[in-house]
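Structural description and commentary
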Amino acid sequence: MGSMVIPFLGIYMTQALDFNIKQVGLVLMCFGFGSVCGSYVGGWLTDRFGSFKVQLFSLILAAPLFLITPYFRTVESLGMMIFVLSAVFDAFRPANSVSVASYAKPENITRAFSLNRLAVNLGFSIGPAVGGFLAGISFNWIFYGNAMAAAAAAIVFFLFFYKKEKNNLKALKAAPITTTSHNKKERNPYKDGPFIVFNILCCIFSLCFFQLISTLPIFYREVHHLNEHEIGFLMGWSGLIIVLLEMFIVHIAENKLTITKTLVIGTLFCSISYAMFNIHAGLFMLYVTFFVFGIGEMLTLPFMATATINRSAPKTQGAYMGFNSLAFSAANIFSPLLGTNIVGSFGFTTLWWATSAVLACTAAGFYFILKRM
């Protein structure tokens, strides 16, 4: 529910700080660099100290960082602050993914990731709507709201999982020492050729996907002339679709389709949705486009996580999930820079056609590499 800052960061910089479109791209690129560092370090720390500690300290440290961010108002200082903030906040992601995998039964992995995403999207269906209301009062309030949500999450997380974590540690100490996992070979993810190619494709997918939070809000504002409230509700609609439909759609996909077919179909849905942004038929069409986009998102992101976990061994889950998070984080570096520069030079129409074409090629890439994995 604290997802208020990132959806409105581009609008905040153009409206409140008078940054131009290319300066917005530079600051969002700093967000991506921080995300890369956070994902790598988060995965490394998770394998050494466990997912509980990494998640807890990520949430605790994020709250004060959100509070002080509005005081950084130049391109250089805000870029530095956003780098630190995203590094701390994104260390949470690989730890959270490993935590989901550790609590789920092997046959329920995809549904476990879907349930986790459902919770995230339930919050995301509320957060931007609240953020749009707060931004109407003052943009500073979206940072304060995000800080309060991170602090609340840290408190709830600690209270609910502290005893479970202690019991898990006791059980591990009491358990007899066994040999290395008898189920899977322990690979190094950074030397696993097919998985590296898979991650490159995930990164390309993310370059397109993250236009959602970098250029798309600006597109709503400048082309469709939507206000903060309308943008917040539109982005909240995306989360609401996933809350209502994801578990049902994932259940069907698990029973009727392979992971390969699911990822290919989901990526093609995303490709179609970006092409639909070039159909200017009012606000209703934007809601329809987001519905198509949501279907694509449901058929891709949970299954990417499943493919990653399936490729790893128990002792390398943190490294594999960290590397996969790294692919998404690397896209965060270049996605806003590419998007804003294409818009600045060629306009939004070219951006949406190009994004759609790249996603179609990525779908073909998933088809071939997942057969090898």
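Before reading on, note that the structure itself is shown above.
The sections below set out a description of the structure shown in this document. Just so you know, these numbers come straight off a predicted model, no measurement behind them.

Re helix H5 (residues 92-103)
- The first and last C-alpha atoms of H5 sit 16 Å apart over 12 residues, in line with the 16 Å expected at 1.5 Å per residue.
- Inspection of H5 places Pro94, Ala95, Asn96, Ser97, Val98, Ser99, Val100 and Ala101 among the buried residues, and these make up the whole buried set.
- Each element contacted by the buried residues of H5 is listed here: helix H2 (21-49), helix H3 (51-68), helix H4 (75-90), helix H6 (109-137), helix H13 (301-311) and helix H14 (317-346).

Thoughts on the packing of H5 against H14
- Taken N-terminus to C-terminus, the directions of H5 and H14 make an angle of 135°; their axes are 8 Å apart at the nearest point. In terms of orientation, H5 lies oblique with respect to H14. For the crossing formed where H5 meets H14, the hand is right-handed. Taking contact as the criterion, the partners of Arg93, Pro94, Ser97, Val98 and Ala101 in H5 are, on H14, Gln317, Gly318, Met321, Gly322, Ser325, Phe328 and Ser329.

Some details on the environment of Ala319
- Note that Ala319 resides in helix H14.
- When neighbours within four sequence positions are excluded, Ala319 is seen to be in contact with Gly43, Asp47, Pro189 and Tyr190.

A few points about the packing of H3 against H4
- Two elements in contact, H3 and H4, have axes whose closest approach is 9 Å; the angle formed by their N-to-C orientations is 160°. By the angle between their axes, H3 is roughly antiparallel relative to H4. Between H3 and H4 lies a crossing of left-handed hand. Contacts between H3 and H4 pair Ser58, Leu61, Ala62, Leu65, Phe66 and Ile68 from the former with Met81, Val84, Leu85, Val88 and Phe89 from the latter.
- In terms of residue class, the contact of H3 with H4 is built from 10 nonpolar, one polar and no charged.

Notes on empty space enclosed by the protein
- Under the counting rule described, the total for this entry stands at one cavity of 30 Å³ or more.
- There is about 60 Å³ of room inside the largest cavity.
- Lining the largest cavity, in full, are Ile6, Leu28, Phe31, Phe210, Ile213, Ser214, Asn332, Ser335 and Pro336.
- Those elements giving two or more residues to the lining of the largest cavity turn out to be H2 and H14.
- Looking at the lining of the largest cavity, the element that brings in the most residues is H14, giving three residues.
- Split into classes, the residues belonging to the lining of the largest cavity amount to six nonpolar, three polar and no charged.

Quick word on the side chain of Arg117
- Here Arg117 lies in helix H6.
- Judged by relative accessible area, Arg117 falls into the buried class, the value being 12%.
- Not counting residues up to four positions away in its chain, the partners in contact with Arg117 are Ile242, Glu246, Glu297, Met298, Leu301 and Pro302.

A short note on the environment of Pro336
- Within the fold, Pro336 resides in helix H14.
- With residues near it in sequence (within four places) discarded, Pro336 still touches Gly25, Leu28, Met29, Ser214 and Ala331.

Things to note about a nonpolar patch on the surface
- Taken together, the side chains of Tyr40, Val41, Trp44, Phe49 and Tyr190 present a nonpolar region at the surface, about 500 Å² in accessible area.
- Position of Phe49 among the secondary structure elements: in helix H2.
- Taking relative accessible area as the criterion, Phe49 reaches 48% and is therefore assigned partly exposed.

Describing unusual backbone geometry
- The backbone of Asp18 shows a phi angle near 60°, a positive value even though the residue is not glycine.
- Among the structural elements, Asp18 can be located in the loop between helix H1 (5-15) and H2.
- Positive phi values are uncommon outside glycine, yet His225 reaches one of about 55°.
- As for its position among the elements, His225 is in the loop between helix H9 (216-222) and helix H10 (228-256).
- Using a relative accessible area of 62% as the deciding quantity, one classes His225 as exposed.

Quick notes on the rules
- Residues numbered from 1 in each chain as written.
- Predicted model: local features only at pLDDT ≥ 70, side-chain atom pairs only at ≥ 80, totals over all residues.
- Heavy atoms only, no water.
- Helix = DSSP H or I, 4+ residues; strand = E, 2+ residues; numbered from the N terminus.
- Expected span 1.5 Å × (residues − 1).
- Buried < 20%, exposed > 50% of the residue type's maximum accessible area, 1.4 Å probe, protein only.
- Contact = heavy atoms within 4.5 Å.
- Axes fitted to C-alpha atoms, helices over the stretch in contact; angles between N-to-C directions.
- Parallel < 35°, antiparallel > 145°, perpendicular 65-115°, else oblique.
- Left-handed = near helix turned anticlockwise from the far one by under 90°.
- Nonpolar A, V, L, I, M, F, W, Y, C, P; charged D, E, K, R; others polar.
- 1 Å grid on protein atoms, 1.4 Å probe; cavity = no way out; pocket = protein on both sides within 12 Å on 5 of 7 lines; lining within 4 Å.
- Points joined across faces, edges and corners; volume = space filled by probe spheres on them.
- Patch = residues over 30% accessible without salt bridge, like charges linked within 9 Å, V, L, I, M, F, W, Y side chains within 5 Å.
- Areas by Shrake-Rupley, 256 points an atom, 1.4 Å probe, with all protein chains shown as cover.
- Salt bridge = Lys/Arg side-chain N within 4 Å of Asp/Glu carboxyl O.

So, to be careful, I would describe these as geometric facts and stop short of saying anything about function.
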